[in-house]
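In case you want the letters, here they are:
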Amino acid sequence: MNTQTPTPIHSPPSAPPKRSVALDVARALAVIGMIAVNVGPQEADDLLGRIFMLPFGRASLLFVFLAGIGLGMLTHPSKRRPWRQQWTTLVWRAFLLLGFGLALQPINHGVSVILAVYGVLFLVGIPLTRLRTPVLALLTGILMVAAPLAWMGVLVLRGERFRGTPILLSGNPLEILDGILVTGPYPALVWIVPLVAGLTLSRLDLRHRRLQLILLFGGMAAAAGGIMLSRLLIGVTGIDPTSGGFARLLASFDHSQAPLWLLSGIGSAVAVIGMLLLVEPWLERHARPLIHLGRLSFTMYVMHLVLLAVFVRPDPHTTGEGIAFAALISAFCIICAHLWVPARGQGPLERLLRLPARTGPNPATTSSGHHG
């Protein structure tokens, strides 16, 4: 009889989470996916165009989902950092991302910049890091339905349709806040869901192979199930989710902000992370350029916006041109990251994100873990 105690899936407080190259590669894939989406064109009827647009509505969800995981690892109990130091670091990051997002939006890149919402989600996520794992898991499930319902309720009460208008610094503070929370392309009322889901996942032992398999196949089931259930409900009810109002809640199309789209998109993110964790040893040996790109994800996200504004716009007009531009920008970012990280370590904007931690108490006296 086997009396060996199984390895727990939950990561114990005494085992600090180490930096995972699988998560770095996932960040790299999110950046490359957003490059493809942002280069465009975003409308194509042919097969090649549909394949090219597969990251649409998924790459940005993966980006925020990974932010939730990073938030959880930064505040992991084993870090033994004073709460004030953690809070200061997170608030600094939140306002820095908010400022970058608002400052970058007016540039002629034709992109709805996610960074402002990203920053606000970091602020909202600070108190959530104090919750226990089961509470976070329950909260994720509740918000999956309740958050889109509340968001749509606000729009219906106003008599407005969702247009996803980019958030501009030229607006007054209330307009900017309203854009971040409700009317912008990434309404924080809805996008809090992937952040909380990622925060929940960060509490688990991602080195556990059984968990990795659960993530892969469970994520694939959720990704497909969200789409299939949406189509089933639309077929049974005869409701057109594009007709406006609460009908939109049955949708699974990209950026619909609907529960089944969230289920499908977060499922895709979970499956990607599960797959990458399963092949992590191979990635560590053979995917160094992607690992380096993932470690410079903030810098490279900002860089691709500048490259779009300077070298691409107003193109592209065809799918072929879009693929060519996206491949060139992705390759340029990968090469830059692969040259930078071995020589300089953290990227310039990543260093800026860590400024309070560097100027605060000596990490050697506040934590015995790896700061990844």
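- If you check an unreviewed UniProt entry, the chain appears there as Membrane protein YeiB from Paeniglutamicibacter sulfureus.

Considering the overall build of the chain
(1) Moving on: Looking only at helices and strands, one finds 17 helices and zero strands in the chain.
(2) Moving on: Here the chain holds 372 residues, and 53% of them are scored as buried.
(3) Moving on: Summarising the internal contacts of the chain: among those between residues at least 6 apart in sequence, 77% fall at separations of at least 24.
(4) Moving on: Surface summary for the chain: the accessible area is close to 17400 Å², and the carbon and sulfur share equals 67%.

Some points on the side chain of R248
(1) Moving on: Residue placement: R248 occurs in the loop between helix 9 (209-237) and helix 10 (259-278).
(2) Moving on: It is D240 that comes nearest to the buried, bridge-free R248 among opposite-charge side chains, at 9.6 Å.
(3) Moving on: Here S256 takes part through its backbone oxygen, which lies 2.8 Å from a polar atom of the side chain of R248.
(4) Moving on: Look past the residues within four positions of R248 in its chain and what remains in contact with it is W151, M152, F162, P241, F253, H255, S256 and A258.

As for unusual backbone geometry
(1) Moving on: At the junction of G40 and P41, the peptide bond is cis and its omega measures out at 0° in the coordinates.
(2) Moving on: When you line up the elements, P41 lands in the loop between helix 1 (21-39) and helix 2 (47-52).
(3) Moving on: Cis peptide bonds are those with omega within 30 degrees of zero, and the linkage from D315 to P316 qualifies with 0°.
(4) Moving on: By the element assignment, P316 lies in the loop between helix 13 (297-312) and helix 14 (319-344).
(5) Moving on: With a phi angle near 60°, H255 is a residue other than glycine that sits in the positive phi range.
(6) Moving on: By the element assignment, H255 lies in the loop between helix 9 and helix 10.
(7) Moving on: Classification of H255 as buried rests on a relative accessible area of 15%.
(8) Moving on: The residue Q257 is not glycine, and still its phi comes out positive at about 65°.

Digging into the nonpolar core
(1) Moving on: Membership of the largest hydrophobic core comes to 103 residues, with the highest contact counts inside it found for F65, I180, W191 and I273.
(2) Moving on: The contacts of W191, once residues within four sequence positions are left out, are S60, L61, V64, I114, L121, P185, Y186, H255, Q257 and W261.

Remarks on the packing of helix 13 against helix 14
(1) Moving on: Relative orientation of the contacting elements helix 13 and helix 14 amounts to 135°, with a least axis distance of 11 Å. In this view, helix 13 runs oblique relative to helix 14, as classed from their interaxial angle. Of the two elements, helix 13 crosses helix 14, and the hand of that crossing is right-handed. Across the interface between the two elements, M300, M303, H304, L307, L308, F311 and V312 from helix 13 touch F325, I329, F332, C333, C336 and A337 from helix 14.

So, a nonpolar patch on the surface
(1) Moving on: A grouping of L229, L232, L233 and V236 is seen on the molecular surface, where their side chains present a nonpolar patch of about 350 Å² in accessible area.
(2) Moving on: Tracing the backbone shows L232 in helix 9.
(3) Moving on: Judged by its relative accessible area of 51%, L232 falls in the exposed class.

Looking at the pattern of salt bridges
If charged atoms from side chains of opposite charge come close, those side chains can pair.
(1) Moving on: As enumerated under the stated definition, the model contains six salt bridges in all.
(2) Moving on: Residue D254 is joined to R58 by a salt bridge in which the shortest nitrogen-to-oxygen separation is 3.8 Å. Taken as a pair, D254 in the loop between helix 9 and helix 10 and R58 in the loop between helix 2 and helix 3 (59-74) lie far apart in primary sequence, 196 residues in all.
(3) Moving on: By relative accessible area, which is 25% here, D254 ends up partly exposed.
(4) Moving on: With a closest N to O distance of 2.9 Å, D205 and R207 form a salt bridge.
(5) Moving on: Among the residues examined, D205 registers a relative accessible area of 8% and is labelled buried.
(6) Moving on: On the accessibility criterion, R207 (58% relative accessible area) is exposed.
(7) Moving on: In the salt-bridge network here, residues are joined through shared partners; they are D24, R27 and R295.

As for the side chain of T200
(1) Moving on: As for its placement among the helices and strands, T200 is situated in helix 8 (residues 188-202).
(2) Moving on: When near neighbours in sequence (up to four residues on either side) are disregarded, T200 contacts T133, L136, A137 and T140.

Remarks on helix 12 (residues 288-295)
(1) Moving on: Burial in helix 12 covers these residues: I291, H292, L293 and G294.
(2) Moving on: Looking at the buried positions of helix 12, the neighbouring elements they touch are helix 1, helix 11 (280-286), helix 13 and helix 14.

Criteria and thresholds
- Here, residues in each chain are numbered from 1, in the same order as that chain's written sequence.
- Only residues with pLDDT of at least 70 are given local features in this predicted model, and only at 80 or more are side-chain atom pairs given and counted; all residues enter the totals for whole chains, interfaces and linings.
- As a convention, hydrogens and water are excluded, and side-chain values are obtained from all of the structure's heavy atoms.
- Where helices and strands are cited, they refer to DSSP runs of H or I of at least four residues and of E of at least two residues respectively, numbered from the N terminus.
- Only protein chains enter the accessibility calculation, which uses a 1.4 Å probe. A residue is then buried if its area is under 20% of the maximum for its type, exposed if over 50%, and partly exposed in between.
- It only takes one pair of heavy atoms within 4.5 Å for two residues to be counted as in contact.
- Reported accessibility uses the Shrake-Rupley method at a 1.4 Å probe radius. Residues are deemed covered only where the shown protein chains occlude them.
- Charge assignment in this entry is limited to Lys and Arg as positive and Asp and Glu as negative, and neither His nor the chain termini are counted.
- Basic side-chain nitrogens of Lys or Arg form a salt bridge, by our definition, when they fall within 4 Å of a carboxyl oxygen of Asp or Glu.
- A 3.5 Å cut-off defines polar contacts: any pair of N or O atoms within that distance qualifies, except that in protein one atom must be a possible hydrogen donor and the other a possible acceptor, and neighbouring residues in sequence count only when both atoms are side-chain atoms.
- As used here, the term nonpolar core means buried Ala, Val, Leu, Ile, Met, Phe, Trp, Tyr and Cys residues forming a set that is joined through side-chain atoms within 4.5 Å.
- Angles run from 0 to 180 degrees between N-to-C directions of axes, and those axes are lines fitted to C-alpha atoms, restricted for helices to the stretch in contact.
- Working definition: roughly parallel below 35 degrees, roughly antiparallel above 145 degrees, roughly perpendicular at 65 to 115 degrees, and oblique for all remaining angles.
- Crossings are sorted by hand: turned counterclockwise from the far helix by less than a right angle, the near helix makes the crossing left-handed, and turned clockwise it makes it right-handed.
- Residues form patches when they are more than 30% accessible in relative terms and have no salt bridge. Like charges link within 9 Å. Nonpolar side chains (Val, Leu, Ile, Met, Phe, Trp, Tyr) link within 5 Å.

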